Amino acid sequence: MSSLLNIGLTGLSASQAYLNTTGHNIANAATPGFHRQNVTQEARDPQYRGGAFFGTGTGVTGVERSYSQLLEGQVLSADSRRSEYAAYSQFISQLDNVLADADTGLTPALNEFFGALQNVTSNPTNVAARQALISSGETLSARFRTLDGRISEISEGIETEMRSTLESINGYAAAIAELNERIVTSRAGGAGSAANDLLDQRDQAIAELNRLVKVSTVAQRDGTLSVFIGSGQSVVMGNRAKQLELGDQLDENGRSMIMVRGNSGVVEPLAESLVGGGTLGGLLAARREGTASAQRSLGLLATTLATEFNNQHALGLDLDGRLGGEFFKIGGVRVNPPNSGVSVRIDPQQVSALTGSDYSLRYDGAAYQLIDIATGDPVPAAQMQVTTSGGTSTIKAHGLIFTAAAGAPTESAFVYPTRYTAGAIEVAIRDPRAVAAAAPVLASLATGEGSSLQVRQSGLADRGSAASGSELGLPALRYTYDAANKRFELDTAGPAGWPSTLDYDPAASAAGKSFTLEGPGGLQVELKISGTPAANDVITLADNKGGVADNRNAALLGALQTDKLMFGSGGQATATINNAYAQMVAKVGSKTREVQAGERTQTSLLQQARASRDAVSGVNLDEEAANLVRFQQSYQAAAKVMGVAQRLFDEMLAIAR
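Criteria and thresholds
Residue positions are counted from 1 within each chain, in the order its sequence is given. Local features in a predicted model are, by the rule used here, given only for residues with pLDDT of at least 70; side-chain atom pairs are given and counted only at 80 or more, and totals for whole chains, interfaces and linings are based on all residues. Calculation of side-chain values draws on the structure's entire complement of heavy atoms; hydrogens and water are dropped beforehand. A helix here means a DSSP run of H or I that spans at least four residues, while a strand means a run of E at least two residues long, and both kinds are numbered starting from the N terminus. Each residue is assigned to one of three classes by its accessible area relative to the maximum for its type, calculated with a 1.4 Å probe on protein chains only: buried under 20%, partly exposed between the two thresholds, exposed over 50%. Within 3.5 Å is the distance limit for a polar contact, defined as a pair of N or O atoms, with the added protein rule that one can donate a hydrogen and the other accept it, and that residues adjacent in sequence qualify only through two side-chain atoms. What makes two residues a contact is simply this: any of their non-hydrogen atoms within 4.5 Å. Points on a 1 Å grid over protein atoms alone make up a cavity when a 1.4 Å probe fits among them but cannot get out, and a pocket when they form an open set with protein on both sides within 12 Å along at least five of seven lines; lining residues each have an atom within 4 Å of a point. Grid points are joined across faces, edges and corners, and a volume is the space filled by probe spheres set on the points. When residues are sorted by character, Ala, Val, Leu, Ile, Met, Phe, Trp, Tyr, Cys and Pro go into the nonpolar class, Asp, Glu, Lys and Arg into the charged class, and all the rest, Gly among them, into the polar class. Where helices are involved, their axes are fitted lines through C-alpha atoms of the stretch in contact, as for all axes, and angles between N-to-C directions lie from 0 to 180°. Roughly parallel covers angles under 35 degrees, roughly antiparallel covers those over 145, roughly perpendicular covers 65 to 115, and oblique covers all other angles. By definition, two strands form a pair when at least two bridges between them are found by DSSP. Two rings from Phe, Tyr or Trp (for Trp, the six-membered ring) form a pair when their centres are within 6.5 Å of each other. A pair whose planes differ by under 30 degrees is stacked, one over 60 is edge-to-face, and the rest are tilted. When the NZ atom of lysine or the CZ atom of arginine is within 6 Å of a ring's centre and also within 35 degrees of its normal, the charge is said to sit over that ring.

Glancing now at the side chain of E84. If you trace the backbone, E84 turns up in helix α2 (residues 69-100). Take E84: its relative accessible area is 15%, and that puts it in the buried class. Polar contacts involving the side chain of E84 include one to the side chain of R81, which spans 3.0 Å. The contact partners of E84, leaving out residues within four places of it in the chain, are G277, G278, T279, G281 and G282.

This is how it looks when you write it as structure tokens:
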């Protein structure tokens, strides 16, 4: 009877194990990261009696998790990508709202400014109109600064979120390291089997860490998991965890770098390219592709507008007959480190060639290397003009003029041409009389019978050594047409240093011909004529000092609104200021829609991956309720076996009496 009693006892123990495990599953049905557990059992070794083998009952061999590494990996991958898109979307949406707002964007301020300029063109002697132009210029400058400041605020918000995210990463890394140690201990006390609940806790900690930054794991022989982020940076090895922090050290983009603090306390920078996925990856992408790019593009707009407007304004005369000065003031190109021996300035004649990129410049011992920091691509040598004279090298490229001591710098100098311009732009003039609305050159004609000669345009191309606020002092240049030789000839009594003849063949210049007359001090006068002159027709070019009602330079300034000034390709600009801003807004808006669509897609994929995983690992309460009934009946049946064994034993004792 003892054999039957033992068989019943083993069944009773097995049923109890099943009931305990089922109850544990039910209790943890809502526990994050919990995997359904199942009892494993096997028949005990049989005994040979009376010519046959008889079973001796069952034995519980363990409790296993319902776990699929493939499905868990799919959940982790989808969750990491969803978190990355969510973090990116949070900040790129803010940037989109700032730039695209119909009231606070740049377009209304630009239109108001050029509208005020149109009023000056209509009435150039009106001081009130001139004052309104200065006021609208200040409004436009303030709008640039406001947008730049708002972008900076968003960037600061990203960095604040990054610091918080790094603190959370450090917390989960420390928790995983501690769980590694506890799992090793549980394996030692469990005949090589780790506690399932500890494995669940560690997997959940890894899942939480994976939401913050994409992770990969490698299982070790002792049951621990080594955890790596991004492209292979270890954060957990055994029971030791490294710490991540946002340090004070700046990278080549001028942004705070992520630093890794090892167990020995040594701090090393972590390249941004090695980190991806999760909230941290999304924040880095938002900082790199969102705010930094937008700030450079906005600065490019401010630089182009201010430089081109100043260039044209300098070629005009104010109400006092003096050459115009700067209308806008912008900060210079920033170079880091400041003591690199490199200075950089905008080439005023090549503004359209500016790209808005940041660069690193270095001399490698044989040639200068200019690298676009954002893309990592070198600027082709064919796009660089390098000259060396007197121990100084000058490099011209992409609308910039770099000046460095010959053979320097041996260490990279980082150059930020436009990133900080929008935050520093302001109006340079305060006196409305200083607005240079008039053209400094006045052309007049004295024509004979049958002449159709016309002056299409006259003005300055370059004022040379003449300073702002000074009088032009252009001498009268009188050119008489020699019909026989088809040219205009300067009067012999005219001033020296100017072209003596201007060739003009009406038959070959039906649409007209332009001349650039260069005189002493680098002064250059533009002249465009058309038509057929008669013999002895006279063109006189003179200083327009008294032309206070002249509006020709104001008209040229107003034309900058519709002139193509940006994105020069092969020396030919392709976009107006308004077009460039619209492209900037469209680019940010397109990226915003792309990121939001990516977030929705990854959310759907995550839901599908979780559903597939939960079908294997999740707790089904209906199934567990059925198991309770089944294992209760099993328990009762095993108890019944023991009861039968007891009655048989009692009857045998009664017979023996």
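Once the structure has been displayed, the description carries forward.
Okay, the environment of G365 next. Counting through the fold element by element, G365 comes out in the loop between β15 (359-363) and β16 (368-372). Separated by 43 residues in sequence, G365 and A408 place their C-alpha atoms 8.8 Å apart.

The space that makes up the largest pocket amounts to roughly 1200 Å³. Residue lining of the largest pocket: 47 residues in total, with E308, N311, Q312, L315 and Q349 positioned closest to the centre. For the lining of the largest pocket, the leading source of residues is strand β23 (residues 454-462), giving seven residues. For the lining of the largest pocket, the residue count by class is 17 nonpolar, 20 polar and ten charged.

In a pair of packed helices, the angle between the axes and the distance between the axes together describe the arrangement. Across the interface, α2 lies against helix α4 (residues 127-189) with an axial gap of 10 Å and an inter-helix angle of 170°. Comparing the axis directions of α2 and α4 gives the class roughly antiparallel. In this structure, α2 uses F91, Q94, L95, V98 and L99 to contact α4, whose residues at the interface are L147, R150, I151, I154, G157, I158 and E161. Class assignment of the residues belonging to the contact of α2 with α4 gives a composition of eight nonpolar, two polar and two charged.

Turning next to unusual backbone geometry. Residue P337 is bonded to the preceding N336 through a cis peptide linkage, with omega at 0°. By the secondary structure assignment, P337 is in the loop between β13 (334-336) and β14 (342-346). For the peptide bond that leads from A408 to P409, omega is 0°, which places it in the cis range. Among the secondary structure elements, P409 is positioned in the loop between β19 (400-405) and β20 (413-416). With a phi close to 50°, H398 is a non-glycine residue in the positive phi region. Here H398 shows up in the loop between β18 (392-397) and β19. Residues other than glycine seldom take positive phi values, yet K486 does so here, at roughly 55°.

Strand order in the open sheet formed by four strands is β5-β6-β7-β8, and the pairing between neighbours is antiparallel. In this open sheet, the two strands that pair with only one neighbour each are β5 (215-219) and β8 (240-241). As defined by bridge partners, β5 adjoins strand β6 (residues 225-229) across five bridges and the pair is classed as antiparallel. Bridge pairing links A219 to L225 in β6. Across the sheet, helix α5 (residues 196-212) touches β5 and β6, and the angle it forms with β5 is around 150°.

Tallying each qualifying case throughout the model produces 13 aromatic pairs. Every member of this aromatic cluster is reached through a ring pair, and the members are F113, F114, F309, F327 and F328. The ring of Y67 has R65 sitting right over it, with the charged end atom 4.5 Å from the ring centre. One residue, R334, lies across the ring of Y420, its end atom 3.8 Å from the ring centre.

What follows covers the sheet that holds β23. Taken in spatial order, the three strands make up an open sheet running β23-β28-β27, and their pairing is antiparallel. Only two strands of the sheet have a single partner each, and these edge strands are β23 and β27 (513-518). On average, each strand axis in the sheet is inclined to that of its neighbour by 20°, with strand direction left out of account. Where β23 and strand β28 (residues 524-530) come together, seven bridges link them in antiparallel fashion. Looking across to β28, one finds that V455 is bridged to I529.

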